[in-house]
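Chains, contacts and geometry: an overview
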Amino acid sequence: MTYNRKKTGSFLRKLCRILPLAPTRLCFAIACLFAPFPGLALETVDSLNSSILVFTLVLMVIIVGGGVIVLLLHHLDSSSFRKLHASLTYMPIAVAIIRRKDGALLYGNKSCRELLGVRKLDGRYLYPDEISPQMMVDFLRPFPFRRGFRNVSEELHLARGRTLRLMVSGQPVRYKWQSAWLLFIVKPQKLTSTAKLEQEQRVFQQVLNSLSELVYFQDKAGHIIGTNRAFDRFWRGRVSEGVMDDEDNVNTTNTSSHTWTTAPDGSSRLLETNKTLLIGDNGEAIGTLSISHDVTDWHEMQESLKLEIEKREITEQALAQRNTLLDTIMSASTDPIGLYNEHGIYVGCNEPFARSLGFRQEELLGKAASEVLEPDKWELFQETDQQVIRDGVALKMDDYVILEDGTPVWYEVVKSPYRDPTDGTAGVLMMARDVTERKMAEQQLADAIMELQEMSFVDSLTKVANRRSFDEQLRKLWHSHIREQKPLTLILCDIDNFKAFNDNYGHQQGDCALREVAKVFRSVVKRETDEVARYGGEEFAFLLPNTDIKGGEVVAEKVHQRMAEKEITHLYSDVDTKLTVSLGVATIIPLPTQDYGDLVEMADVALYKAKAAGRNCTMSMSDSDC
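Summing up its helical and strand segments, the protein chain has 20 helices and 22 strands in all. Every one of the 626 residues in the protein chain was classed for burial, and the buried ones make up 35%. Accessible surface, the protein chain: about 39,500 Å² in total, of which carbon and sulfur atoms supply 54%.

Another aspect to go through is the sheet that holds strand S1 (residues 94-99). Across the sheet, which stays open at both edges, the five strands sit in the order S2-S1-S7-S6-S5 with antiparallel pairing between neighbours. Single-partner strands in this sheet number two, and they are strand S2 (105-108) and strand S5 (149-157). The mean inter-strand angle of the sheet, taken between neighbouring strand axes irrespective of direction, is 30°. Across the face of the sheet, helix H6 (residues 133-140) comes into contact with S1, S5, strand S6 (163-175) and strand S7 (178-186) while running at roughly 140° to S5.

Mapping Ser480 onto the fold places it in helix H16 (residues 467-484). Side chain to side chain, Ser480 and His481 meet in a polar contact 3.3 Å long.

Between the first and last C-alpha of helix H20 (residues 596-612) there are 25 Å, a value that for 17 residues agrees with the 24 Å anticipated at 1.5 Å per step. What H20 keeps buried is the set Leu599, Val600, Met602, Ala603, Ala606, Leu607 and Ala610. Here the buried residues of H20 occupy an arc of 160° about the axis, which is enough to place them on one side. In this structure, H20 carries Glu601, Tyr608 and Ala612 as exposed residues pointing more than 90 degrees from its buried face. Elements in contact with the buried residues of H20: H16, strand S18 (488-495), strand S19 (531-536), strand S21 (581-588) and strand S22 (618-622). N-capping of H20 is provided by Asp595, with a side-chain oxygen placed 2.9 Å from the backbone N of Gly597. Phi for Gly614, located one or two positions after H20, is positive at around 110°.

Another aspect to go through is the confidence of the model for the protein chain. Per-chain confidence: the protein chain averages 82 in pLDDT, with 86% of residues scoring 70 or above. Low pLDDT (under 50) marks residues 1-38, which in the prediction has 28 contacts with non-local residues, meaning those over four places away or in another chain.

Where helix H17 (residues 498-505) meets helix H18 (residues 507-524), the axes come as close as 6 Å, and the angle between the chain directions of the two elements is 135°. In terms of orientation, H17 lies oblique with respect to H18. Residues Phe498, Phe501, Asn502 and Tyr505 of H17 form the contact with H18, whose participating residues are His507, Gln509, Gly510, Ala513 and Leu514. A per-class count over the contact of H17 with H18 returns five nonpolar, four polar and no charged.

Let us now look at the nonpolar core. Ranked by size, the top nonpolar core spans 33 residues in total, and within it Ile98, Leu116, Leu140, Phe149, Trp181 and Leu183 carry the most contacts. Sorting the residues of this core by element identifies S1, S2, helix H5 (110-116), H6, S5, S6 and S7 as the ones contributing at least two each. Look past the residues within four positions of Ile98 in its chain and what remains in contact with it is Gly103, Ala104, Leu105, Tyr127, Met136, Leu140, Ala180, Trp181 and Leu183. Of all hydrophobic cores here, the second largest spans 28 residues; its members include Val517, Val520, Val525 and Val532.

To continue, consider a nonpolar patch on the surface. Taken together, the side chains of Val54, Val58 and Ile62 define a hydrophobic patch exposed on the protein surface, amounting to about 280 Å² of accessible area. By the element assignment, Ile62 lies in helix H4 (residues 50-89).

Per the stated rule, a full pass over the model turns up 17 aromatic pairs. Residues Tyr107 and Tyr125 carry aromatic rings whose centres are separated by 5.5 Å and whose planes lie at 70° to one another, so their mutual orientation is edge-to-face. Of the two residues, Tyr107 is situated in strand S2 and Tyr125 in strand S4 (residues 124-126); the sequence distance between them amounts to 18 residues. Take Tyr107 and Tyr125: they sit in the same class, and that class is buried. Judged by centre distance (5.1 Å) and plane angle (45°), the rings of Tyr216 and Phe231 are tilted. You can see Tyr216 sitting in strand S8 (residues 214-219) and its partner Phe231 sitting in helix H8 (residues 229-234), a full 15 residues away along the chain. The class of Phe231 is buried, set by a relative accessible area of 0%. Looking at Lys415, its charged tip hangs above the ring of Phe381, at a distance of 3.8 Å from the centre.

Basis of the calculations
- Each chain has its residues counted from 1, running along the sequence as written.
- A pLDDT threshold of at least 70 governs which residues receive local features in this predicted model, and a stricter bar of 80 or more applies before side-chain atom pairs are shown or counted, although totals over entire chains, interfaces and linings include all residues.
- Values shown for side chains rest on all heavy atoms present in the structure; no hydrogens or waters enter the calculation.
- Strands are runs of DSSP state E lasting at least two residues, helices are runs of H or I lasting at least four, and both sets are numbered from the N terminus onward.
- Between buried and exposed lies partly exposed: a residue is buried under 20% and exposed over 50% of the maximum accessible area for its type, with that area taken using a 1.4 Å probe on protein chains only.
- Per-residue and other accessible areas follow the Shrake-Rupley method at a 1.4 Å probe size, with only the shown protein chains counted as cover for residues.
- In short, DSSP must find at least two bridges between two strands for them to pair.
- Axis lines are fitted to C-alpha atoms, over the contacting stretch for helices. Their N-to-C directions set the angle, which ranges from 0 to 180 degrees.
- Any two residues whose heavy atoms approach within 4.5 Å at even a single point are treated as in contact.
- By the criterion applied in these results, polar contacts are pairs of N or O atoms within 3.5 Å in which, for protein atoms, one can donate a hydrogen and the other can accept it, and in which residues neighboring in sequence qualify only through two side-chain atoms.
- Expected span, for any helix, means 1.5 Å times one less than how many residues it has.
- When we speak of the arc, we mean the arc of directions from the helix axis to the C-beta atoms.
- The predictor rates its confidence in each residue with pLDDT, a number between 0 and 100.
- Should an angle lie under 35 degrees it is considered roughly parallel, over 145 roughly antiparallel, and from 65 to 115 roughly perpendicular; all remaining angles are considered oblique.
- Amino acids are sorted into nonpolar (Ala, Val, Leu, Ile, Met, Phe, Trp, Tyr, Cys and Pro), charged (Asp, Glu, Lys and Arg) and polar (every other residue, Gly among them).
- Each nonpolar core is a collection of buried residues, namely Ala, Val, Leu, Ile, Met, Phe, Trp, Tyr and Cys, held together in the definition by side-chain atoms within 4.5 Å.
- Candidate patch residues must exceed 30% relative accessible area and have no salt bridge, after which like charges are joined if within 9 Å and Val, Leu, Ile, Met, Phe, Trp or Tyr side chains if within 5 Å.
- A pairing counts as a salt bridge when a side-chain nitrogen of Lys or Arg comes within 4 Å of a carboxyl oxygen of Asp or Glu.
- Centres within 6.5 Å are what make two rings of Phe, Tyr or Trp a pair, Trp counting through its six-membered ring; a difference in plane orientation under 30 degrees is then read as stacked, over 60 as edge-to-face, and the rest as tilted.
- Put simply, a charge is over a ring when the Lys NZ or the Arg CZ is close to the ring centre, within 6 Å, and near the line of the ring normal, within 35 degrees.

Below you can see the structure in the form of structure tokens.
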């Protein structure tokens with residue numbers, strides 16, 4: 001039979017146009033691929049999109065390959081289980097396969113059915129009435145599925161109060177694509193008396209072999225009838241050396257001996273052997289048990305401990321001698337000496353130290369410094385103590401103490417770090433020296449220096465600043481006012497007709513008048529920065545920092561007012577019957593190009609104008625008038 005290729009191809013093209021959905025076209029193309037008509041298939045392929053065809057072929061290969069793999073795995077699983085089933089069926093012990101998720105019984109061999117009463121019905125395996133799937137799930141839950149378990153004892157309670165003891169071992173398996181437990185179940189056999197005795201002997205020998213001590217048994221004749229592994233390993237080839245010689249071997253209850261010997265590695269070891277008499281059930285001696293302990297390390301430790309004790313005794317003797325010497329030195333010293341640890345507890349002192357704190361020596365020892373010292377002094381001492389202990393350096397300081405009888409005492413205190421050689425505790429050694437006489441001499445010297453300085457800067461007659469002090473203060477104020485650009489005021493004062501006062505009243509009354517005038521001037525100025533100085537003879541000067549011309553005039557007016565109130569009689573004056581003064585006020589904001597002599601010159605000019613104006617008046621002059 002022949003086919004018309006053109007007509008068939010046109011028919012297929014029409015059919016593809018009719019079919020609206022791509023999946024339908026794909027199915028049709030696949031059908032054409034497997035059709036026995038190569039011409040028709042070729043035409044169909046030509047009519048479809050080449051990319052869709054490639055995708056379809058790949059998808060088909062994946063589906064077909066996946067199916068082949070599934071069939072192959074199923075065949076392998078079935079084949080492996082058939083082999084396992086053949087082996088398990090005739091195994092003399094009970095074997096069961098339990099599904100992991102619900103405890104269902106999937107398989108039980110003949111021995112399992114006989115031991116547990118498992119039934120097989122229509123290819124299904126059923127538990128006996130005493131066992132349920134939930135019981136199996138509860139039994140298997142504690143065991144890790146991947147590692148399995150071995151020789152777990154379990155009791156099965158049967159009907160009529162009977163109990164069946166079982167030994168169960170399990171391992172994980174895959175059964176028909178499911179996770180399952182493969183259980184091996186055996187019934188423990190009761191041992192006969194001989195077998196039980198042999199088992200006890202094996203256990204006893206295992207226990208002996210687990211010991212590190214050297215153990216051996218002897219009968220009444222002294223023959224070795226048993227040893228452990230440690231004995232055989234240590235005395236290999238020289239057993240006679242390890243046996244304790246004893247002529248009265250049986251009659252002696254317990255004996256002990258120490259023997260130096262050589263270990264298999266060639267080292268010297270000290271063995272302590274204890275031999276004990278073994279008594280039978282009838283009360284007669286049947287032999288001896290000897291146990292040897294390696295006590296070399298203990299012996300060496302004892303020797304080391306003896307040496308350490310001897311060294312400690314020598315050290316304690318030396319410390320006792322040092323303590324005796326230290327106590328002698330501390331008792332003989334008139335200077336206070338004390339020791340306290342890092343916690344501030346007094347651990348040693350002499351009587352002068354305790355007396356300086358208001359205590360006796362036995363009362364002070366053991367007390368805390370925080371309880372003895374005043375709070376402010378304790379804080380100060382604590383800071384210095386921590387510095388001494390931390391930095392490990394000595395510190396020197398002065399301390400002022402008032403004794404119980406009210407006597408003030410100055411101490412020069414030196415604090416040094418120390419460490420107790422017995423326990424390594426850190427502390428502070430404090431030594432004090434009475435420097436009261438030196439402090440008094442220093443104070444007298446300081447007072448003399450202050451007095452000398454006062455004499456060098458104070459006028460001895462009027463007790464106001466002298467010309468030297470005035471010049472020094474004017475120089476300092478001049479430079480500070482240049483920086484700050486503040487006004488500086490100077491007042492020069494001259495007592496009117498003071499020569500006539502001296503000539504008629506005498507120089508002694510003149511000196512008295514100068515002192516009274518100086519008191520008036522000191523009472524006028526109120527600020528600490530203001531200064532009154534005796535400029536020379538009957539002339540005085542006022543230095544007023546940060547004061548403008550008006551402020552200087554106010555001070556000058558107060559001077560005239562206070563002098564009038566003072567009423568110092570001067571009948572030989574051309575101005576008044578009372579002592580009067582003429583004042584020249586000068587104010588300037590100094591510039592770096594100027595000199596303080598300019599201010600003095602301005603004040604002198606103003607004073608000259610006051611005198612020319614009839615005296616007992618004030619004239620002013622500022623830098624704007626220059």
